[in-house]
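Here's the letter readout for the chains.
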Amino acid sequence: MAADSLSRVFSALADPIRRDMVARLASGDATVTELAGPYDVTVQAVSKHLKVLEEAGLVSRSREAQRRPVHLEAEVFDLMTTWIERYRREAEERYRRLDDVLRSLEENESSAPPERGAPS
């Protein structure tokens, strides 16, 4: 597994079951048994998925009496958002420059005198 935090987060989210768990935890904490419900996998397999999410910093587990709820650590998404936003801004800037070039070409075409012999 990659050493840096961002790589661990993206790696953890590469699995569709883990992405679905994260989406479900976004609406509230849940136990391992509750998270295992919709999947055709064992509770043990769900625990392994949660361990990967926990190691990436995406979830944490606490103890409330007999219950051990899993909690989504939303702050980790700030790291991803910052990374994605950087490249989104760069892509938007490239598109703006392309739009300027295309607009300039259109203006040059429309201001050019008609070719000799061309129908008016």
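Structure shown above.
Rules used in this analysis
- Residues numbered from 1 in each chain as written.
- Predicted model: local features only at pLDDT ≥ 70, side-chain atom pairs only at ≥ 80, totals over all residues.
- Heavy atoms only, no water.
- Helix = DSSP H or I, 4+ residues; strand = E, 2+ residues; numbered from the N terminus.
- Buried < 20%, exposed > 50% of the residue type's maximum accessible area, 1.4 Å probe, protein only.
- Contact = heavy atoms within 4.5 Å.
- Areas by Shrake-Rupley, 256 points an atom, 1.4 Å probe, with all protein chains shown as cover.
- Axes fitted to C-alpha atoms, helices over the stretch in contact; angles between N-to-C directions.
- Parallel < 35°, antiparallel > 145°, perpendicular 65-115°, else oblique.
- Nonpolar A, V, L, I, M, F, W, Y, C, P; charged D, E, K, R; others polar.
- Core = buried A, V, L, I, M, F, W, Y, C linked by side-chain atoms within 4.5 Å.
- Salt bridge = Lys/Arg side-chain N within 4 Å of Asp/Glu carboxyl O.

**Student:** Even after reading the chapter, I still don't get the overall build of the protein chain, so can you show me in this structure?
**Tutor:** Assigned secondary structure in the protein chain consists of five helices and two strands. When the helices and strands of the protein chain are listed from N to C terminus, the series reads α-α-α-α-β-β-α. By the burial criterion, 24% of the 120 residues in the protein chain qualify as buried. Sequence-distant contacts in the protein chain: of pairs separated by 6 or more residues, those separated by 24 or more amount to 50%. Accessible area for the protein chain stands at about 8700 Å²; split by element, carbon and sulfur atoms hold 53% of it.

**Student:** Is there a simple way to explain the packing of helix H1 (residues 5-12) against helix H5 (residues 76-111) in this structure?
**Tutor:** Two elements in contact, H1 and H5, have axes separated by 10 Å at closest approach and are oriented at 100°. As judged from the angle between their axes, H1 and H5 are roughly perpendicular. Along its contact with H1, which presents Ser5, Leu6, Val9 and Phe10, the element H5 presents Val76, Leu79, Met80, Trp83 and Ile84. Of the residues in the contact of H1 with H5, the class split is eight nonpolar, one polar and no charged.

**Student:** Whenever I open this one, the nonpolar core confuses me. Can you help?
**Tutor:** Side chains of a nonpolar character, in soluble globular proteins, are inclined to be buried together. Val46, Leu50, Leu53 and Leu58 are the most contacted members of the largest nonpolar core, which has 23 residues in total. Here the element with the most residues in this core is helix H4 (residues 43-55); it accounts for four residues. Apart from the residues lying within four places of it in its own chain, the contact partners of Val46 are Met21, Val32, Leu35, Ala36, Tyr39 and Val41.

**Student:** Could you clarify how one ought to interpret the pattern of salt bridges in this entry?
**Tutor:** Once their charged atoms are close, side chains differing in charge can pair, the charge on each being opposite to the other. Following the criterion strictly, the structure yields nine salt bridges and no others. A salt bridge links Arg96 to Glu93; the nearest nitrogen and oxygen atoms lie 3.2 Å apart. Here Arg96 pairs with Glu93, and both are found in helix H5, just three residues apart, close to one helical turn. When its relative accessible area of 44% is taken as the criterion, Arg96 is described as partly exposed.

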